[in-house]
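# Analysis of the macromolecular model
Here is what each chain is made of, one letter per residue.
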Amino acid sequence: MTWKRFFGAAAAAAALVLSAQASAQTITLSGASQFNDDHAFTKALVRFEELVKQYYGKPIEFKLHKNSELGLEKQYFEYMAQGKAVDYAIVSPAHMSTFSRAAPFIDAPFLFRDLDHWNKVLDADLLKPVADEIAQKADVMLIGYAGGGVRNIFVNKPVKNLAEMKGLKVRVQGAPIWSRTFAAIGLSPTVIAYNEVYNAIQNGVISAGENEAAGVEQMKFFEVAPHLSMTQHAITIRPICFSAKTFKKLAPDLQAAILKAGKEAGAYGRQIESSEDSAKLDALEKAGKLKRVPFADRDQMKKLVDPVMAAYAKDIGVDALYQKINAVQ
């Protein structure tokens, strides 16, 4: 072999090694969403990906599994806690209750007076004590807050007041605070998996569920429960979560990019969902798929729920946080 061929072969081999090393060093983060590309949660996670790439400035890949490809939010959170399969996702606080009793409280019914109050609480970072507890007990970080949808009750018949609502069988999330508050109002709350709600109403197991506009549209709940009772009982908080086990393995500059991107992507998600809420209901009603039913007794509902909320806050050790939230003007 000539020296020229030898050095040429050596250079080619070195190039292959460098290429293999670069490929091996490219980090891939896996995300999960229950919904399709049009849902606000998916859009927020896509924005998170874009921002991380922008702030990190080095090769990194993202794989976002959509349409419940990896199961439901409860599973996503468990995967993140274990440090496997899912690195980031948006998860309802109700699904964190196995690890933190305080987690579902940040998304509880009648916690926020309106969107303005909700935004001020988030901007003041009042939820940090709960986020710290979740990080400690579940090893999952809350890096941003999406959400912003106003939740109402979808029913298979018109319900205009508390008297008509009495005894109504309604699906609620699994966290105890949801069952306690809805029972205090006079409803008959039932915990059913989110993906089983449609069939449960269709088969008469329950008569109603509760959700924001994006969920009602995505899951087509209007097909089996076309009456939307405008209880406005909750405003969603949907944290962007990141596995702390994954986070600890990453370089400091990537960690910084993830934290910055999470906060901004959460704000982006809130803006999307809160602005889309009324538009989605307008479109569904205009298409004849849904009818909004004015609800006369929201103030009375809140009076019934307030003592339950106060007692629950004290029971789980967040009564000081509850008072701070109530004090925000």
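You'll find the structure just up there.
Presented here is a report on the structure given in the accompanying data block.

The rules behind each value
In this convention, every chain numbers its residues from 1, walking through the sequence in written order. Predicted model: local features are reported for residues with pLDDT of at least 70 only, side-chain atom pairs are reported and counted for 80 or more only, and whole-chain, interface and lining totals are derived from all residues. Side-chain measures were taken over the full set of non-hydrogen atoms in the model, leaving aside hydrogen atoms and water. In this description a helix means any DSSP run of H or I spanning at least four residues, a strand means any run of E spanning at least two, and both kinds are numbered starting from the N terminus. Accessible area is worked out with a 1.4 Å probe on protein chains only. A residue is then buried under 20% of its type maximum, exposed over 50%, and partly exposed in between. For this count, His and the chain ends are skipped, Lys and Arg are scored as positive, and Asp and Glu as negative. Basic side-chain nitrogens of Lys or Arg form a salt bridge, by our definition, when they fall within 4 Å of a carboxyl oxygen of Asp or Glu. Any pair of N or O atoms that falls within 3.5 Å is considered a polar contact. Within protein, one atom must be able to donate a hydrogen and the other to accept it, and sequence-neighbouring residues count only if both atoms are side-chain atoms. Should any heavy atoms of two residues lie within 4.5 Å, those residues are considered in contact. For cavity detection a 1 Å grid was placed over the protein atoms alone, and a set of points counts as a cavity when a 1.4 Å probe fits there but cannot get out; an open set counts as a pocket when protein lies on both sides within 12 Å along at least five of seven lines, with lining residues being those that have an atom within 4 Å of a point. Grid points are joined across faces, edges and corners, and a volume is the space filled by probe spheres set on the points. Gly is put with the polar residues, along with every residue not named as nonpolar or charged; the nonpolar set is Ala, Val, Leu, Ile, Met, Phe, Trp, Tyr, Cys and Pro, and the charged set is Asp, Glu, Lys and Arg.

This part is about unusual backbone geometry. At Lys220, a residue that is not glycine, the phi angle is positive and equals roughly 55°. Note on placement: Lys220 falls in the loop between helix H9 (213-219) and strand S8 (227-243). The class for Lys220 is partly exposed, based on a relative accessible area of 41%. A positive phi angle is found at Gln232, which is not glycine, with a value near 45°. Mapped onto the elements of the fold, Gln232 is located in strand S8. The exposure class of Gln232 is partly exposed, given its relative accessible area of 40%.

Glancing now at the side chain of Arg171. With respect to the element layout, Arg171 can be found in strand S5 (residues 169-172). Buried within the structure, Arg171 lacks any salt-bridge partner; its nearest side chain of opposite charge belongs to Glu210, at an N-O separation of 4.8 Å. At 2.7 Å, the side chain of Arg171 forms a polar contact with the backbone oxygen of Ile192. Excluding residues within four positions of it along the chain, Arg171 makes contact with Thr190, Ile192, Ala193, Tyr194, Val197, Ile206, Ala208, Gly209 and Glu210.

Taken as a whole and assessed by the stated rule, the structure comprises one cavity of 30 Å³ or more. Roughly 160 Å³ of internal volume is contained in the largest cavity. Along the wall of the largest cavity there are 15 residues; nearest its centre are Glu73, Ser92, Arg151, Tyr194 and Arg238. Residue composition of the lining of the largest cavity, grouped by class: three nonpolar, seven polar and five charged.

Turning to the pattern of salt bridges, a few remarks are in order. Evaluation of the coordinates by the stated rule reveals 22 salt bridges. Taking the shortest distance from any N to any O, the salt bridge between Glu50 and Arg47 comes out at 3.4 Å. Linking Glu50 with Arg47, this pair stays in helix H2 (residues 40-56), spanning three residues, or about one helical turn. Among the residues examined, Glu50 registers a relative accessible area of 41% and is labelled partly exposed.

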